[in-house]
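These are the residues of each chain, in order.
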Amino acid sequence: MGGPIAGLGIYTAVGAPDLPNSLGGPFILLGIFVVLLGFYVRWMAPETKTFDERVLATFHPNQLAAKAFLLIGGGFFLATIYLLFGTYLPYVYPTLSFSVCLIFTLTGLVRYWKNSLTTYYVTTERITSEYRFLSLQRTSVSLEDIAAVGRKQSVVESLVGLGTVGISAGGGNPTMTEIRFRDIEEPDLAEEAIDRAQRQSR
């Protein structure tokens, strides 16, 4: 994603005589940001965590939603290129197109990176969510403290087989949910794994 964006910026800045050189700056900066952060995420990719107890199931967020945002952003990126080099429209139009591209691309990239660095564990003693980006964020709920397990799926998520599984601790109030398995493929499998862990712990 970062290479073509930075390449367009460099071309606009030094090789497009009909365009102001300053137009290339935002593309170059965005491309460099995407590349550097992508390398960082790859370097920080989570390793398999070891537990004293037995791990019954491991889940990772699905990247379908993130890729959909990136695909839409890519479409607006192509529209920006066309408006810049294929038309004589005022620069406000490619600027607006690039702004929309930026919103969808950054949303998709952040979601993709976050999903890449998130892992959910179901063990014989606890449910754990681990997210590592600039720092480690780990949340665990003991099986004996689980008050409720619920699943949420939108219409689109149901069609593609994705969903969110929430684990509530304490009084079972939905607002007190401690862990959410987000963008999980086949969320019923996550529910079954949690239910199996609870039954084995009794």
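Details of the structure are given in the entry above.
Position numbers for residues start from 1 in each chain and track the written sequence from start to end. With the structure being a predicted model, the display of local features is reserved for residues of pLDDT at least 70 and the display and counting of side-chain atom pairs for 80 or more, all residues being used for whole-chain, interface and lining totals. Side-chain calculation: all heavy atoms of the structure are included, whereas hydrogens and water are not.

Q: Lay out the side chain of Gln63 with the relevant residues and their values.
A: Here Gln63 shows up in the loop between strand 1 (55-59) and helix 3 (64-85). In this description, contact between two residues means that some pair of their heavy atoms is separated by no more than 4.5 Å. Excluding anything up to four places from it in sequence, Gln63 contacts Arg111, Tyr112, Asn115 and Ser116. Every helix listed is a DSSP run of H or I at least four residues long, and every strand listed is a run of E at least two residues long, numbered separately from the N terminus.

Q: If you had to explain a nonpolar patch on the surface to someone new, which residues and values would you point to?
A: On the surface, Leu64, Val155, Val156, Leu159 and Val160 cluster together into a nonpolar patch covering about 520 Å² of accessible area. Burial classes follow relative accessibility: with a 1.4 Å probe on protein chains only, a residue under 20% of its type's maximum area counts as buried, one over 50% as exposed, and anything between as partly exposed. In this structure Leu64 comes out as partly exposed when scored by relative accessible area, which is 42%. Within this analysis, patches are made of residues with over 30% relative accessible area and no salt bridge. Like charges are joined at 9 Å or less; nonpolar side chains (Val, Leu, Ile, Met, Phe, Trp, Tyr) at 5 Å or less. Calculation of accessible area relied on Shrake-Rupley with a 1.4 Å probe; when residues are assessed, cover is drawn exclusively from the protein chains displayed. Between Lys or Arg on one side and Asp or Glu on the other, a salt bridge is scored when a side-chain nitrogen of the former is within 4 Å of a carboxyl oxygen of the latter.

Q: Report on the environment of Val141, specifying residues and quantitative values.
A: In this structure, Val141 sits in strand 4 (residues 136-142). Classification of Val141 by relative accessible area gives buried; the value is 3%. Considered as a pair, Val141 and Ser129 are twelve residues apart in the sequence and their alpha carbons are 9.0 Å apart. If we skip the residues at most four places from it in the chain, Val141 touches Arg126, Ile127, Ile146, Ala169, Glu178 and Ile179.

Q: Explain a negative patch on the surface to me, using residue names and the numbers behind them.
A: Taken together, the side chains of Glu185, Glu186, Asp188 and Glu192 make up a negatively charged region of the molecular surface. Turning to its location among the elements, Asp188 is positioned in helix 6 (residues 187-201). For this count, His and the chain ends are skipped, Lys and Arg are scored as positive, and Asp and Glu as negative. Every charge is mapped onto a representative atom, which is NZ of Lys, CZ of Arg, CG of Asp or CD of Glu.

These results come straight from atomic positions and should not be treated as a statement about function.
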